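Each chain, letter by letter, is given below.
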Amino acid sequence: MNQPPLTVRHPLALVAPRIAPALATTALLVLGRVWNANGAEHSLGNAVLMTVLATAAAAAGVCSVLGRAGDGVLAGFAFATSGGLALAGVAGYADGLSLPLLLWAVATAVAYALAVRHWRAERRASAAFERRMTEKREDHGHAERIEAMRSRTRIEVAREGGAYALALAEAMTARATLPGYDPVVLGRAGLPRLPGGPGDRTGDEG
């Protein structure tokens, strides 16, 4: 019966989603320290800018959650942006690595906590989809098997009917060649007449 196609995913495609949260927070930390080395340290204007941006992104996430038509994806993106801006701001403004590293660890842990929930939901959806596909394949396979059995039965019946017709024709031919064969006498004796025989007048009626 029909078999599902075999697909082999590249190892990078399997590993990339697992390391993406750590890569994102690490990239923010590195960019923040680069910004720190280029004059952002103790810069009040830069600190105010990052604070305003992070607060605005968090407010956008809150509005998306509280709205009637709130979009979970949009809210998650807004909160992730707010956290990323806060991490970048602290990494750029602080003069040491202790606080940026602490925030990096917290941000990475939160990112993985959110990602695990998404991965679980994705696995459940994938398992449910595979279960539905398996049930459909089983139903289709059962229907195909039934139709195959019916087809074989019809072929056998037709074959047996053809063999019977051939045997009947051979019997008619053999009986007609017997010496003293007279279909009229057989009919008077009460024996049935074969259709198409010399004594059969059914074709002349009407």
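These numbers were taken from a predicted model, which means no experiment stands behind them.

S.K.: I keep staring at the overall build of the chain and nothing clicks. Help me out?
M.R.: On a plain count of helices and strands, the chain comes out with five helices and zero strands. Listing every helix and strand of the chain by position from the N terminus yields α-α-α-α-α. Split into buried and exposed, the 206 residues of the chain put 15% on the buried side. The contacts of the chain with a sequence gap of at least 6 include a subset with a gap of at least 24, amounting to 61%.

S.K.: So what exactly am I meant to see when it comes to the packing of aromatic side chains here?
M.R.: Each aromatic ring pair is described using two quantities: the centre-to-centre distance and the angle formed by the ring planes. The full count for this structure, using the stated rule, is one aromatic pair. For the pair Y112 and W119, a centre-to-centre distance of 6.4 Å together with 70° between the ring planes defines the contact as edge-to-face. Among the residues examined, Y112 registers a relative accessible area of 25% and is labelled partly exposed. Looking at W119, the relative accessible area reads 13%, which means it is buried.

S.K.: What am I meant to see in a nonpolar patch on the surface here?
M.R.: Taken together, the side chains of L99, L102, V106, V110 and L114 make up a nonpolar region of the molecular surface, amounting to roughly 450 Å² of accessible area. Considering the arrangement of structural elements, one finds L99 in helix α4 (residues 98–176). We classify L99 as partly exposed; its relative accessible area is 44%.

Here is what the cut-offs are and how they apply
- Residues numbered from 1 in each chain as written.
- Predicted model: local features only at pLDDT ≥ 70, side-chain atom pairs only at ≥ 80, totals over all residues.
- Heavy atoms only, no water.
- Helix = DSSP H or I, 4+ residues; strand = E, 2+ residues; numbered from the N terminus.
- Buried < 20%, exposed > 50% of the residue type's maximum accessible area, 1.4 Å probe, protein only.
- Contact = heavy atoms within 4.5 Å.
- Phe/Tyr/Trp six-rings, centres within 6.5 Å; stacked < 30°, edge-to-face > 60°.
- Patch = residues over 30% accessible without salt bridge, like charges linked within 9 Å, V, L, I, M, F, W, Y side chains within 5 Å.
- Areas by Shrake-Rupley, 256 points an atom, 1.4 Å probe, with all protein chains shown as cover.
- Salt bridge = Lys/Arg side-chain N within 4 Å of Asp/Glu carboxyl O.

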